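Structure assessment
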Amino acid sequence: MAAPSKKVFEVFVSKIPWTVASKEVREYFGQFGHVKKCLLPFDKETGFHRGFCWIGFSSEEGLQNALQKDPHLIEGTKLQVQRNRKPFMGRRANKEAEES
Amino acid sequence: MAALLRSARLLKISPCALLPVKGTHKHVATVSGYCSRAVCRRAAGLSGSVNSPFSYSSAWPCSALRYYGTAPEQKGVVKDEPSLGVRTKQAQQFDWALAKLDSSVRRTGRVTKTLLQRIFHDICRTGYPSGNQALLLLRSCGSLLPELPFAERTELAHRVWEKLQELGATYDVSHYNALLKVYLQNEFKFSPTDFLAKMEAANVQPNRVTYQRLIAAYCQDGDIEGASKILAFMKSKDLPITEAVFNSLVTGHSRAGDMESAANILSVMSGAGIEPGPDTYLALLCAYAEKGDLAKIKETLDAVENKDISLMDRDLMQIMFSLTKAGHQQHVPEIVERMRHERGYVPDAMNLCLSLITQGFEDTAFAVLKTFPSLQAESQNGDNPDLGNFFLRHCVNMDKSPEKLVHFCKDLKDSNLHSSPLQFTLYCALDSKKTAMAVGLMKTMKEEGLPIRPHYFWPLLTQHQKDKNAPGTLEVLKAMQELDVLPDVDTYSNYVLPTFPSVDTARAALKGAGCSVDTTGFVSAEVRNEAARGNLSGLLSLMSSSSFPNIDIGAFRASLIAGFKGSNDVESMTKITELLYNDSRFSQAGTDSADNVAYFLYNLFDGMTETDVQAKEEKLRQYLNQLGQKNITIPVNIYRGIRNILDSYHVPELIKDVLALVDDKESIRASDAPTPRGFEDRVLSLEKKLEELKSQGKPTGAIFKQLISALCAEENLSRALEVKAQHEEEMTPSCYALLINLCCRHDNPEEALNLKRELARKDSEVALDANKYMSLVKVLSKHGKLEEAVDILKEMKEKDVPVKDTTVTLLFHTLNSAALKGDSTTIRRLQDTIFTLGLVSPSSNLCSPLVTAYLESGDLTGALEATMESHKLYKQLPRIHDIISGLVEKGDTELLQKAMDFVSQERGEMTMLYDLFFAFMQTGRYREARKIIETPGLRARPGRLQWFAEKCITGQQMEALENMVDMTSKLFECDRDEMYHYLLRLCKDTNDWRKAEAVWTKMQEENVIPRERTLRLLADILKSNNQEVPFEVPEVWYEQHEAKDSSEVARGESASRVSPPKEASAAEYHLRVMTLSKKGKVQEAFNILKEADRKGMALGPASYDALIKALLASGNLEDALAVKNIASKHVSGFQLSDLASNLHIITQVKHGNLKDALVSLKGMLQADQVPSQLAITRLVQGLGSRGDVQGIQEVENLVKTLGPSINLSSMLFVNNTALAHIKNGDIQSAVEGLESVYTQGSDSPQKNISFVFRKVLEANNEGALDKLSAMAERLCNHFASYRAATDLFLQYLDTGRTEEAKFLLQRCAAVVEQKDAMMSYMTKISQKSGQVAKIKTLIELIPEFAEKETVCAYLMKCYALDKDLSSAKALYEQMQAERLQVDELSLKRLASLYKDAGETVPFEEPPETFRFYAQKLKESKTPSTADN
């Protein structure tokens, strides 16, 4: 599969509390390095998000910083963060809604 | 678990105190002070017991497998069996409803209204509900619904009662009794006389339980006179007056205002020879509670404590409830203090809280909440405490005021019980779309300094958006403004704008409502909207406007791509791109706008499908060329990405146009050629088969060996030894092995040892197989050659001989035969050697012979020492049940205490208690057993209970079994139906119908819902004793298949025979038609029905329905319609069941008439009919193969309203939507759809996507397959979701793509672990012929997925299906050679193969039927977990 650059520095985050949205998640992970993308899918039926998201850093460094930190706490809630080894394909069509 | 341990600790039991040997009453009392007695009658209105009344435990794991195995009807494309789904529907539905309700009750002790109503609705829609469905529903309308007010519950019960009766449910006494129970639980006022009259009118005989409950009803009203009348009547009928009656009288007198008489009942009871039980005291306590008499309550509680009785937490909660309801909540804390926090405390207390909240006593509920063990506060998901979520949610549902909610939240937060109660409460309010409440909560949160974010309002907006409710939307927006929350672009574009017909009306409406529209959020949403609509020129002017704010392209990239895709306006496309390229307003700070554009281009191509790009090739070329003219460049890595996409879309011509844009052309290298993938099949050559014997000529090695083995088979040892002596030079290791084994069998240790030594001299390296070694060990130890035996074991270890299960069995027999001789020295020596060498790991079974050795000689002390020794050395407690039983029998309290202490310390108190329980049961000490089993905190261990029940059934010990069933009535999580089923099985064995009938009454008293098999068993017992069956017997559809074959033959004669006599009544006709229809004798049934019609007789709707079903099942639509016409003549409003319509749909799909089929489906739904699973499946599959995504969605939406009752797999839509996408060439969407199934929620066996893989493989669609397999891999490696990869693996296997399967295994190693899936795959394919190769491949790829014997059994099954005798023989030989155990079913199969081929069966054929052995095998596979 083609990707603009082969290296992808992504983490997969789960157990995200309902009170935070992309903005907060992006801000939080911004402390580890520049966040290139942040996909936090919302369920259009309920209006709540699904509790997990993908964070893409622009550099290996950002990724490493994020992975080394433990625990990740956002507004007092512990997040689960793991490395996403391969680019996540298959959400392009409605990227906009989530990635902003 | 922790809660369990804590409560179990309460019981510092001293077993000697329980023994009647020292049986002074004092001792017993001290122990029972800790033990608790069962509670039989629960007063109205409070928590349902956590004991599951429907429980269905054992079926769980296998049902999951079953789902996997049968992947609902999706497999064969045309498998024309509409009747099958129909037939099983009702039974399935009951199972489903039961399982659903049961799991709810099991987990929480309650049922939610939504769940119950859904099940009710579904049962109604399918029509003709069965008796136990009705019972199930009625039973659930009482205290199992703590979230509903009393009146609403009773109303629901009445709705259920009437509706089901209308639909033809037959009510028997169990239903009336259940209704009474619900009345009592809901404190419903009704007239008992009217009730009895109603029963009489319905010709239903009241029984003891009915009278008991009517007395309770009078008493609830304080009507002693009424109660006495019924009591007198019971006496006149000689019905036993039980404790329950007296308990009601306590309540009755108290409610009549006569506390003195109420208290006096206790001495009346004693006078009548019935000891007041805990329920009696509870009734008295509640009476005092209603009076608010705390002093008396305390006095009584203390008195109870001094008796042989103890009250449970649940009882104390009842007192609290009574206090609160009578307005004496100030006394509640006094009772709270006495709580012991037993196991089950939390669910019970939760239900108490819910009831209190429902009744409007949320403050008391809150006080109870705060008594929850603090451990509960440590939440399940993380370290943050979140106690009281259920409390807050129910308060929200009950619309408590925001002030009250805030008050509770603050308290929870301040006492550190919940980390974010306000957020959670807000979540609940949002989830239930309570705008005013949510806004109120948010105001408080804002005051508290908590952030309020735009997306908090989305759940509120979604509803309005769905309803296109503009005022509602504006109201939410105003609330946002009030709270100073600025809606962002997502809020506008996803949740606000879609509510309005256009952006302009939205803008006007917002302005009118005083909401600002000049925000970045709104403008961005507008951009998105324009872009998505494809209005590029409008978009361009919007974006070029100088007043346009800074908006990152990320905010509208996807919409822009969508717009570009749909537009032919190359001019505007270019200009917009140029704008993006040059205008820094569109790039985030820190990023380069040129990069953004390059990335956008990549996304543009990536976001288009192959067809899109091909169709728009020319436009795209123009667009790219114009970009070049505008000096827009892209970096080389982006170029590569785009090139790859275009390559894969087969439009390489465009590549050069993209290349023209690259800024630095130097850096382009030639791309690597794609690596070819090897497809050579590894050819496996297998040679087997020996030539025939019989040549007495030249003694070549092969022939010699055959001779030896033939002699061994004939057990001719002396001749074999002679032959050996003659041809010493031909002796090979395998010949030695055969001979050694033969010697062992002939109990000849000397010769065996000689041969063994001879072999070792010839070749010291050679090793025998494990079983031959074991035979040697056995014979040697038997003959006292202990050291030699030990040497053999050592050799096994040295030579690393693999040990199999059968070896272990042999080992056990070796040890056990020593045990029977009482030879503990030999056992110890062998055990020590085996376990020290690590040949076999110690098991309870292997350790038991040592204990047996002592037990045989009656030496209990030695036995106990031995088992303790085993535990010390090997962590096993062999035969502890026998030892404990022995000690109880002997009354050796000192030793018993020692044993119990030991078990308790090593295995936990639970195990110890069960051991003691069974020992008491075994020895008939029921009183003591009861105390044990009623220990607070003890929970059901179905395996152990089953073990004892089976023991009783085999030994026909009715007394013991009855006692166990009775004693376990309040045991936590005890499957009551299962227990009664054991009892009925024994009744059946002893043919005791009176006992069986009493069991049925007992079940009603206990409010147990029998499963169908229980009812059938009961009916069976009654019928075979010529007794009337007082209830409707569930139908058995599966008998139909068997009956069918014979009916073909017997048609001629039976037609005349079954015709009822001339004077037959309508009822007889009804029965006839029912029976014949169900047995598949359709034509006969039809004839009889016509005959009845000619006579002008009206039969019941059920018989018409049954016949229609049967006719349709045989494809006879015409006659079915004729029956329908007859039916509507006789039964007003008779509605043809949904089947005809279903059949219609299926036919339409078959003819490719999908549009019409969809119309028919809609018609059905409009008529409030339920389409069958099959009809929907066919339709959706048809749509999928046409690529009609929309059609599938439409069906999905239509079907959604039906609820889950039709048992449709959600995967049906997912899979076929994916296939439709693939059919349209849109693989990306297919992957997205499938992937989200796994990324959302857990792996469940239902999430089967084999169907997609199979279709793609069948179509040889490599492109789709690549992406799907990439997806499967991704799910496997990132989401730990192995289902997709496993499905793909099995499909590769199934379609013979072994290489691919192997590659997949390398990439997704976890697939190897999915043994259940492999097993069910094997089970499934072995039902068809010609599947041997697949199983073999599977073993080859994943050798360890199942035990060898299991695999062999399946292989044998396949050979039998394939009629492949020679392979079957070879398999049998191989199994024998490997000493694998060949089960009787396999032997039976092999034998019939021999017979079919006209050969004689060379072994003794198992005498029973296939069915018998299949059943036997099944039973042996359900392990009894009794660790004895």
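Source: prediction; values computed, not measured.

Let's shift gears to the overall build of chain B. Looking only at helices and strands, chain B features 77 helices and zero strands. Put simply, chain B has 1428 residues, and 55% of those count as buried. A sequence separation of at least 24 residues applies to 70% of the contacts in chain B between residues at least 6 apart. Accessible area of chain B: about 61,300 Å², with a carbon and sulfur share of 51%.

What follows is about the confidence of the model for chain A. All names here are of chain A. Residues with a pLDDT of 70 or more make up 77% of chain A, whose mean pLDDT is 79. Per-element confidence in chain A ranges from a low mean pLDDT of 38 for helix H3 (residues 95–98) to a high of 91 for helix H1 (residues 22–30). The model gives residues 1–5 a pLDDT under 50, and that stretch makes 12 contacts with residues more than four places away or in other chains. This stretch, residues 88–100, has a pLDDT under 50; its non-local contacts, to residues over four places away or in other chains, come to 56 contacts.

To continue, consider the sheet that holds strand E5 (residues 77–84) of chain A. Strand pairing in a sheet takes place through backbone hydrogen bonds and is either antiparallel or parallel in direction. Residues and elements named next belong to chain A. Here five strands make up an open sheet; going across it, the order is E2-E3-E1-E5-E4 and the pairing antiparallel. One side of each edge strand has no neighbouring strand; the edge strands of this open sheet are strand E2 (35–39) and strand E4 (72–74). Ignoring which end each strand starts from, the neighbouring axes of this sheet average 30 degrees apart. Taken together, the four bridges between E2 and strand E3 (residues 52–57) define a ladder with antiparallel strand orientation. Each bridged residue has a counterpart across the sheet, and for Leu39 the counterpart in E3 is Trp54. Its contacts with the sheet put H1 on strand E1 (9–14), E2, E3, E4 and E5, and the angle it makes with E2 is roughly 145 degrees.

On to the pattern of salt bridges, then. Residues and elements named next belong to chain B. If you walk through the whole model with that rule in mind, you get 68 salt bridges over all chains. A salt bridge links Arg314 to Asp348; the nearest nitrogen and oxygen atoms lie 2.8 Å apart. Highlighted residues: Arg314 in helix H17 (residues 313–325) and Asp348 in helix H19 (residues 345–358), separated in sequence by 34 residues. Under the relative-accessibility criterion, Arg314 is labelled buried at 10%.

On to the packing of helix H73 (residues 1332–1341) of chain B against helix H74 (residues 1348–1362) of chain B, then. Residue and element names in this part refer to chain B. For the pair H73 and H74, interaxial distance at closest approach is 9 Å and the crossing angle is 160 degrees. Classified by the interaxial angle, the pair formed by H73 and H74 is roughly antiparallel. Of the two possible hands of crossing, H73 and H74 adopt the one that is left-handed. Note on element contacts: H74 touches H73 through Val1351, Tyr1354, Leu1355, Cys1358, Tyr1359 and Asp1362, opposite Val1332, Ile1335, Lys1336 and Ile1339.

Cut-offs used in this document
- Residues numbered from 1 in each chain as written.
- Chains lettered and ligands numbered in written order.
- Predicted model: local features only at pLDDT ≥ 70, side-chain atom pairs only at ≥ 80, totals over all residues.
- Heavy atoms only, no water.
- Helix = DSSP H or I, 4+ residues; strand = E, 2+ residues; numbered from the N terminus.
- Buried < 20%, exposed > 50% of the residue type's maximum accessible area, 1.4 Å probe, protein only.
- Contact = heavy atoms within 4.5 Å.
- Areas by Shrake-Rupley, 256 points an atom, 1.4 Å probe, with all protein chains shown as cover.
- pLDDT = per-residue confidence, 0-100.
- Pairing = 2+ DSSP bridges.
- Axes fitted to C-alpha atoms, helices over the stretch in contact; angles between N-to-C directions.
- Salt bridge = Lys/Arg side-chain N within 4 Å of Asp/Glu carboxyl O.
- Parallel < 35°, antiparallel > 145°, perpendicular 65-115°, else oblique.
- Left-handed = near helix turned anticlockwise from the far one by under 90°.

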